[in-house]
Amino acid sequence: MIIKENILLSDHTTIKLGGAAKYFIECDTEESVKEALEFAKEKNCKVQTLSGGSNIIFADHGFDGVIFKINIKSVSVKKDKDDFFIYSGAGENWDEFVKYCIENELTGAEC
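Residues numbered from 1 in each chain as written. Predicted model: local features only at pLDDT ≥ 70, side-chain atom pairs only at ≥ 80, totals over all residues. Heavy atoms only, no water.

Student: Could you give an account of the pattern of salt bridges, naming the residues involved and the relevant values?
Tutor: Tallying each qualifying case throughout the model produces 2 salt bridges. When the shortest N-O distance is used, the salt bridge between Glu26 and Lys4 registers 3.8 Å. With Glu26 in strand E2 (residues 20–27) and Lys4 in strand E1 (residues 3–8), this residue pair connects regions lying 22 residues apart in the sequence. Exposure remark for Lys4: the relative accessible area of 36% places this residue in the partly exposed category. (Salt bridge = Lys/Arg side-chain N within 4 Å of Asp/Glu carboxyl O. Helix = DSSP H or I, 4+ residues; strand = E, 2+ residues; numbered from the N terminus. Buried < 20%, exposed > 50% of the residue type's maximum accessible area, 1.4 Å probe, protein only.)

Student: Would you mind going over the packing of aromatic side chains in detail, with residue names and values included?
Tutor: Counting across every chain of the model gives 2 aromatic pairs. Ring centres 5.0 Å apart and planes at 85° place the aromatic pair Tyr23 and Phe39 in the edge-to-face group. With Tyr23 in strand E2 and Phe39 in helix H1 (residues 30–43), the pair connects residues that are 16 residues apart, well separated along the chain. Here Tyr23 falls in the buried class, since its relative accessible area comes to 10%. (Phe/Tyr/Trp six-rings, centres within 6.5 Å; stacked < 30°, edge-to-face > 60°.)

Student: Outline the sheet that holds strand E3 (residues 46–50), listing residues and values.
Tutor: The mixed open sheet is built from 4 strands, whose spatial order is E1-E2-E4-E3. The open sheet is flanked by E1 and E3, the only strands paired with a single partner. Across the sheet, the mean angle separating the axes of adjacent strands is 35° when strand polarity is ignored. Inspection of the sheet shows E3 paired to strand E4 (residues 63–70) by 5 bridges, in the parallel sense. Considered in E4, the bridge of Thr49 is made with Phe68. (Pairing = 2+ DSSP bridges. Axes fitted to C-alpha atoms, helices over the stretch in contact; angles between N-to-C directions.)

Student: How would you summarise unusual backbone geometry if you had to cite specific residues and measurements?
Tutor: One non-glycine residue, Asn6, lies in positive phi territory at about 55°. Here Asn6 shows up in strand E1. Its identity is not glycine, yet Asn44 carries a phi of approximately 55°, on the positive side. Mapped onto the fold, Asn44 is located in the loop between H1 and E3.

Student: How would you explain the pairing of strand E6 (residues 83–88) if you had to name every residue and give the values?
Tutor: As judged from the 6 bridges shared by strand E5 (residues 75–80) and E6, these two strands associate in the antiparallel manner. Within E6, the residue paired with Asp80 across the bridge is Asp83. Linking E5 back to E6 in an antiparallel pair, the connection comprises 2 residues, with Lys81 at a positive phi of about 55°.

Student: I'd like a rundown of H1, residues and numbers included.
Tutor: For H1, spanning 14 residues, the distance from its first C-alpha to its last is 20 Å, which sits close to the expected 20 Å at 1.5 Å a residue. Those residues of H1 that sit buried are Ser32, Ala36, Phe39 and Ala40. Each buried residue of H1 lies within a common arc of 95° when the element is viewed along its axis, so the set occupies one face. Residues of H1 that are exposed and point over 90 degrees away from its buried face: Glu30, Lys34, Lys41 and Glu42. Contact partners of the buried residues in H1: E1, E2, E3 and E4. Of the residues one or two after H1, Asn44 is the one with positive phi, at around 55°. (Expected span 1.5 Å × (residues − 1). Arc of directions from axis to C-beta. Contact = heavy atoms within 4.5 Å.)

In structure tokens:
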């Protein structure tokens, strides 16, 4: 786990707004998320998760806490009788996820 300090959040959002985060941790595994949570607890910091950055805006004064940039990418499908369950990592790109579903005849996500 690499902990960065004073990282501009505008570089991590599609709208390109936001000041610096006190701490910024990229999480590539579930274990790294747990480690990041422990770090935030030790530092007594607020926590905010971030994935693709398309549905969040940060203030110009930044975020006085820990940003977890979730990069967990995976898609798996399980079938139970007539139902399909699709599991996706929190860092999966939505458009790529929908494309995967369509290509595997798992329609409905595109709506």
